Amino acid sequence: MKGRLSELLVCPWCAGPFELECFSRSERTCEVTEGLLRCQCGRAYPIVDTIPRILNDALALFPEFAKRYAERLPPAMTAARLGGVDADVIRRTRDSFGYQWTVFSDMVSDFRENFLQYIHPLDESFFPGKVGLDVGCGFGRHLYNAATFGAEMVGVDISAAVDAARRNTQHLPNVHLVQANLYH
């Protein structure tokens, strides 16, 4: 997680700021590779492979992280699980899109022209100096183009596609990624 992202995130439950606890950092990029985002309301979310995982069931998705840092995790976090009426819908959506956007995750040159058609009548000159949000970013094709054109971009996806987005945009210093549920 790049330092700038901590300025842009708030707790989805109370809108309070997060405190960053770094477990490991990349020597090359200085990004937090593993850690926790803690909120004063008692919630905490893992950062796994540089991506904050702001999901109720994040530890169930990353059991190795949970095992490795068990003694550093708050008890309430280890008990959190995806629950509620929509839990099955959320799980199916995450699985479906995660599969789709990780299997078909290659960036191709046609995406640039496709992106420009989406934003018409705007063009590349719109983006420098802007901060943008791509919710449901999938494997990052629109993040890539907006960031290449000069915007600082935050990509959010509920699925494992966010990991494909990381692979496609990790060389861009103006791209931040979060795995989260849009409804939270």
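As the structure is a prediction and not an experimental result, all values here were calculated from the model. (Residues numbered from 1 in each chain as written. Predicted model: local features only at pLDDT ≥ 70, side-chain atom pairs only at ≥ 80, totals over all residues. Heavy atoms only, no water.)

**Observations concerning empty space enclosed by the protein**
For step 1, the next point in the chain: Evaluation of the coordinates by the stated rule reveals 2 cavities of 30 Å³ or more.
For step 2, the next point in the chain: Estimated volume of the largest cavity: approximately 130 Å³.
For step 3, the next point in the chain: Considering the residues around the largest cavity, the lining is formed by M1, K2, L5, E31, T50, I51, R166, T169, Q170, V175, H176 and L177.
For step 4, the next point in the chain: Going through the elements one at a time, α8 (161-169) and β7 (175-180) are the ones with two or more residues in the lining of the largest cavity.
For step 5, the next point in the chain: Looking at the lining of the largest cavity, its residues break down into 5 nonpolar, 4 polar and 3 charged. (1 Å grid on protein atoms, 1.4 Å probe; cavity = no way out; pocket = protein on both sides within 12 Å on 5 of 7 lines; lining within 4 Å. Points joined across faces, edges and corners; volume = space filled by probe spheres on them. Helix = DSSP H or I, 4+ residues; strand = E, 2+ residues; numbered from the N terminus. Nonpolar A, V, L, I, M, F, W, Y, C, P; charged D, E, K, R; others polar.)

**A word on the sheet that holds strand β4 (residues 51-54)**
For step 1, the next point in the chain: As summarised here, the arrangement of the 7 strands in space is β1-β2-β3-β4-β7-β6-β5, forming an open sheet in which the pairing is mixed. Whereas interior strands pair on both sides, the edge strands pair on one side only; in this sheet they are β1 (18-25) and β5 (131-135). Mean inter-strand twist for the sheet, computed between neighbouring axes without regard to direction, equals 20°.
For step 2, the next point in the chain: Relative to strand β3 (residues 44-48), strand β2 (residues 32-39) runs antiparallel, the two being bridged by 5 bridges. Paired with L37 across the strands is Y45, a residue of β3.
For step 3, the next point in the chain: Along the sheet, helix α7 (residues 141-148) makes contact with β5, β6 (152-157) and β7, crossing β6 at roughly 175°. (Pairing = 2+ DSSP bridges. Axes fitted to C-alpha atoms, helices over the stretch in contact; angles between N-to-C directions. Contact = heavy atoms within 4.5 Å.)

**Quick notes on the nonpolar core**
For step 1, the next point in the chain: With 17 residues, the main nonpolar core has F115, F127, L143, M153, V175 and L177 as its most contacted residues.
For step 2, the next point in the chain: Every element with two or more residues in this core is listed here: α6 (110-119), α7, α8 and β7.
For step 3, the next point in the chain: In contact with V175, not counting residues within four places along its chain, are K2, L143, A147, M153 and T169.
For step 4, the next point in the chain: The next biggest cluster of nonpolar side chains, apart from the first, holds 15 residues, and it includes M1, V32, Y45 and I54. (Core = buried A, V, L, I, M, F, W, Y, C linked by side-chain atoms within 4.5 Å. Buried < 20%, exposed > 50% of the residue type's maximum accessible area, 1.4 Å probe, protein only.)

What is shown is where atoms sit, not what they do.
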